[in-house]
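Summary of the model geometry
Residues per chain, in single letters:
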Amino acid sequence: MSRFLRVKNHSLNASGYSGDNDNLHGSLRTRIISSRVGKHTADFLERKFSAVASKYLKGPCKQARPEIIIQQLLHDSSDTASTYSGSTITTWRGSLNTEDAARILPTISPNEVQYQELMFELMVTEEGYFTDLRNLMEDFAIAILDWEHLPTCLRIVLEGISDIAKLHGSLLGELQETDAKNGRIIIDAIDLFERYIPHFFNIYKDYFLNFEPANNLIAATLDEAHDATQRELRDFILERMSEPKYRSLTLQSFLLKPVQRLMKYPLFLKSLIDTLPPMSDEYYRHLECMNNLDIEIRRLEEHKSHMEHLVEIQHRTKGLEEYAFGLADTNRYLVHQGWLTLVPGTRSTIQGKLVYSFDQLATYMKSQTNQVYVFLFNDLILFTKIRSKRLSGIEISKPNSTIGPHPAALFKLVLPPCQLTYLDRCVKAKVSSSKPSLLNKSVRFRSNVFSSSRNITPSRSYHEHAMNGQDEIEPLQFMCAVAHKNVTNLCLEASSISEKEYWCNQLQSVWDQHCKR
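Residues numbered from 1 in each chain as written. Predicted model: local features only at pLDDT ≥ 70, side-chain atom pairs only at ≥ 80, totals over all residues. Heavy atoms only, no water.

Named according to an unreviewed UniProt entry, the protein is DH domain-containing protein originating from Lichtheimia corymbifera JMRC:FSU:9682.

This is the structure:
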């Protein structure tokens, strides 16, 4: 199946600006590397810009600012945009002149025609999308990023607009630069998508995370500006959005476009797949590309969810500020959370490697309550207690929050943020004169310990261990050592045997990462 791309080459010449490639390369490298997208993606964009610069920008350019050069490299001139998105031509067939139609249409099947129509639609919508990104970058990102009062979430979103514009400007530029070797038949764009998809996560992740807070901030500012700073921001937004190119839409609707656009790419690829012969090589290539894009979008959604959890926990937990500790780290994620009990009295492990006394925690435990709510992350643990104060209905930002026992719960640290250094599932039973119960009934079996990667043993359940050893153990308890500045031994009790096993399995799964940090 033949597919070729209709290309309209255009010059990036702008009045007063043409490029010195050496100066341009240095300026772009400095700006791109310093962005939030990561070195791998930054290097990718740098190579794309350098290639475009070498092709289009000629002559000295000593007075051009990097922002202006970037605009020119991404420049989608008005006549180019109007070729598709701004014209009355709405179909690929309609874009063919009489000669091209007579030459091409008799040689391709209806499915191939449909493929061309979809590719034409991609070009039209990509041009329109990039035009909106470029307008936002020129009128907002470049104009306001130096303002000292700009809220952080809005700053990150506007920086994200610039990075997204760079990526999609480069993608659109490659489509438009493709040589029209075979006339007006559109080529397969899967190769392009496969090169760009690995960079979508780095480009979009901070935008996805900060879009909702920035959107809410803009809406609140436009609705009711209380102070001079808010009024200044409100007036700036209203003035810029009054221009005809924004089509009487709100800034929030334009900031939503990157989210909408990314979600439309899988649908576009699915439509392309429907035009291909099933089980063909092209079919599988397109299907793999669509699956890879789905994976990247899921990564973005998971990253957003993880970061929102971290921000919410930090906001609701008192005591973290004492350690100058920021919980929101892009490499951190919540593994498990729930209730555990710090066991009163003194306990030791079967092998005697840990000895625990509840009295040693008196520095941290200000009350007699020994039930703690534990947040286990991939690289640290937080031991907290529930505060008597609760969030009001107005203060609850996420009524369906899964953080804590209920959305209104507030927490307070009972131990410093710490990391796991040792775990033993088997705690020696304390001799008791009370009647046997599930909590004090002892069972004989061997200790299952790990304190280093060399002696981690396979996880086995309570029932598999029961009656296999010589020592009496507590069925719901386990012991661990955690470290902040000093090492603290803890004896913890779960509500059931299955809950104990689950906690121990999760602790064991993150032990390596705890010891590396």
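Quick notes on the environment of Ala 189
Mapped onto the secondary structure, Ala 189 falls in the loop between helix H8 (152–177) and helix H9 (190–196). In this structure, the C-alpha to C-alpha distance between Ala 189 and Leu 175, residues 14 residues apart in sequence, is 8.1 Å. Contacts of Ala 189, omitting those with residues within four sequence positions, involve Tyr 115, Met 119 and Leu 175. (Helix = DSSP H or I, 4+ residues; strand = E, 2+ residues; numbered from the N terminus. Contact = heavy atoms within 4.5 Å.)

Topic: the nonpolar core
One finds Phe 140, Phe 200, Tyr 204 and Leu 255 to be the most contacted residues of the largest nonpolar core, which totals 63 residues. Those elements giving two or more residues to this core turn out to be helix H7 (110–144), H8, H9, helix H10 (200–223), helix H11 (228–241), helix H12 (251–255), helix H13 (257–274) and helix H14 (281–316). Of the residues forming this core, the biggest block, 13 residues, is contributed by H7. Setting aside residues no more than four positions away along its own chain, Phe 200 makes contact with Leu 167, Leu 262, Tyr 265 and Leu 293. Ranked by size, the runner-up nonpolar core spans 23 residues in total, among them Leu 340, Val 372, Cys 480 and Val 482. (Core = buried A, V, L, I, M, F, W, Y, C linked by side-chain atoms within 4.5 Å. Buried < 20%, exposed > 50% of the residue type's maximum accessible area, 1.4 Å probe, protein only.)

A word on the pattern of salt bridges
Taken as a whole, this structure holds 18 salt bridges when the rule is applied. For Arg 103, the salt bridge is made with Asp 100, and the minimal N-O distance between the two is 2.9 Å. Of this pair, Arg 103 and Asp 100 both sit in helix H6 (residues 98–104), 3 residues apart, which is roughly one turn of the helix. Classification of Arg 103 by relative accessible area gives partly exposed; the value is 40%. (Salt bridge = Lys/Arg side-chain N within 4 Å of Asp/Glu carboxyl O.)

Details of the environment of Val 311
Looking at where Val 311 falls in the secondary structure, it is placed in helix H14. For Val 311, a relative accessible area of 47% gives the class partly exposed. Distance from Val 311 to Asp 329, taken between C-alpha atoms, is 9.3 Å for residues 18 residues apart in sequence.

So, the packing of H10 against H11
Relative to each other, H10 and H11 sit at 100°, their axes nearing to 9 Å. In terms of orientation, H10 lies roughly perpendicular with respect to H11. Facing H10, whose interface residues are Leu 217, Ile 218, Thr 221 and Leu 222, H11 presents Gln 230, Leu 233, Arg 234, Ile 237 and Leu 238. Looking at the contact of H10 with H11 residue by residue, the class counts come to 6 nonpolar, 2 polar and 1 charged. (Axes fitted to C-alpha atoms, helices over the stretch in contact; angles between N-to-C directions. Parallel < 35°, antiparallel > 145°, perpendicular 65-115°, else oblique. Nonpolar A, V, L, I, M, F, W, Y, C, P; charged D, E, K, R; others polar.)

Looking at H10
For H10, which comprises 24 residues, the first-to-last C-alpha distance of 33 Å matches the rise-based estimate of 34 Å (1.5 Å per residue) to within 8%. A maximum bend of about 45° is found in H10 at Asn 210, where proline Pro 213 lies one to four positions downstream. (Expected span 1.5 Å × (residues − 1). Bend = angle between axes of the 7 residues up to and from the residue.)

A few points about the environment of Glu 308
Considering the arrangement of structural elements, one finds Glu 308 in helix H14. Considering only alpha carbons, one finds Glu 308 and Ala 328, 20 residues apart in sequence, at a separation of 8.4 Å. Excluding its chain neighbours within four sequence positions, the residues that come into contact with Glu 308 are Leu 209, Glu 212 and Lys 398. Reaching out from Glu 308, the side chain makes a polar contact with the side chain of Lys 304 at a distance of 2.6 Å. (Polar contact = N/O pair within 3.5 Å; in protein donor to acceptor, adjacent residues only side chain to side chain.)

Considering the packing of H10 against H13
Where H10 contacts H13, the axes come no closer than 10 Å and their chain directions differ by 135°. Comparing their axes, H13 and H10 come out oblique. In the packing of H10 onto H13, the handedness of the crossing is left-handed. Side by side, H10 and H13 meet where Phe 200, Tyr 204, Tyr 207, Phe 208 and Phe 211 of the first sit next to Pro 258, Val 259, Leu 262, Met 263 and Tyr 265 of the second. Grouping the amino acids of the contact of H10 with H13 by side-chain chemistry returns 10 nonpolar, no polar and no charged. (Left-handed = near helix turned anticlockwise from the far one by under 90°.)

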